[in-house]
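Structure assessment
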Amino acid sequence: SVAEARAILGGTAIVGISTHDAAQIDAALGTSATYVAVGPIYGTTTKDTGYTARGLALVRAAAGRGKPVVAIGGITLERAPEVLAAGAASVAVISGLLRGDPETMVRRFRRRLDEAGTIP
């Protein structure tokens, strides 16, 4: 739990909490988590969460409620800008970075997000 992580790591550690629906988001916002992760936004084969794709509606449900939102699950180079536009503060990417040389893919993500105006 977030409380257990805080007890071990202290109050200044960055601690996130994963959520998959509106009720979990509501509960997460009541914790001392630094950020709220939401997903899977799109279908993913990286990890079986037991949840189907949640879509951008889940990002919108969590955004603007006091904690940064990290979107995860099926985030691709093409989808990342729309996820950030829906209110995510950032995206967590796994498979999208492994579709080529990881360093090259990170640079492509940065360039794409810069072009979309989603990186300050």
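So, here is what we can say about the structure in this document. Bear in mind the structure is a predicted one, so any value in this text is a computation, not a measurement.

Cut-offs and rules
The residue count restarts for each chain, going from 1 along the sequence in the order it is written. For a predicted model such as this one, the threshold for reporting local features is a pLDDT of at least 70, and the threshold for listing and counting side-chain atom pairs is 80 or more; totals across whole chains, interfaces and linings nevertheless cover every residue. Derived side-chain values reflect all non-hydrogen atoms in the structure, with water molecules and hydrogen atoms excluded from consideration. By the criteria applied, helices consist of DSSP H or I runs no shorter than four residues and strands consist of E runs no shorter than two, each listed in order from the N terminus. Exposed residues in this analysis have more than 50% of their type's maximum accessible area, buried residues have under 20%, and partly exposed residues fall in between, with area computed by a 1.4 Å probe over protein chains only. As used throughout, the charge tally considers Lys and Arg to be positive and Asp and Glu to be negative, leaving His and the chain termini uncounted. Note on definitions: salt bridges are taken to be side-chain nitrogens of Lys or Arg within 4 Å of carboxyl oxygens of Asp or Glu. The criterion used for residue contact is that any of the two residues' heavy atoms lie within 4.5 Å. Any pair of Phe, Tyr and Trp rings, taking the six-membered ring for Trp, is counted once the centres come within 6.5 Å. Such a pair is stacked with planes under 30 degrees apart, edge-to-face with planes over 60 apart, and tilted for the rest. The rule for a charge over a ring is simple: NZ of Lys or CZ of Arg within 6 Å of the ring centre, and within 35 degrees of the ring normal. Like charges are joined within 9 Å and nonpolar side chains (Val, Leu, Ile, Met, Phe, Trp, Tyr) within 5 Å, but only among residues with over 30% relative accessible area and no salt bridge; these make up the patches. Note on areas: Shrake-Rupley, 1.4 Å probe, and residue coverage restricted to the protein chains presented here. Residues adjacent in sequence count toward polar contacts only when both atoms are side-chain atoms; beyond that, a polar contact is any pair of N or O atoms within 3.5 Å, and within protein one must be able to donate a hydrogen and the other to accept it.

1. Here we look at the side chain of lysine 67
Position of lysine 67 among the secondary structure elements: in the loop between helix 3 (56-62) and strand 3 (69-72). Among buried Asp, Glu, Lys and Arg side chains, lysine 67 stands out as unpaired, with aspartate 26 the closest opposite charge at 12 Å. In this view, lysine 67 contacts Ala28, Leu29, Thr31, Ser32, Ala33, Thr34 and Val36; residues no more than four positions away in its chain are not counted.

2. A look at the environment of threonine 45
For threonine 45, the location among the structural elements is in the loop between strand 2 (35-38) and helix 3. Accessibility expressed as a relative area gives 80% for threonine 45, which makes it exposed. In sequence terms threonine 45 and alanine 63 are 18 residues apart; their C-alpha atoms lie 25 Å from each other.

3. Quick look at the packing of aromatic side chains
A complete count under the given rule lists zero aromatic pairs for this structure. Taking NZ or CZ as reference, arginine 79 lies 4.1 Å from the ring centre of tyrosine 42, over its face.

4. Remarks on a nonpolar patch on the surface
On the surface, a cluster of nonpolar side chains totalling about 270 Å² of accessible area is made up of Ile72, Ile94 and Leu98. Here isoleucine 72 lies in strand 3.

5. Comments concerning the side chain of threonine 19
Looking at the element boundaries, threonine 19 is found in strand 1 (residues 16-19). Overall, threonine 19 belongs to the buried group, its relative accessible area being 2%. Polar side-chain contacts of threonine 19 include one of 2.8 Å to the backbone oxygen of alanine 37. Discounting residues that sit within four places of it in the chain, threonine 19 has contacts with Gln24, Ile25, Ala28, Val36, Ala37, Val38, Gly39 and Leu58.

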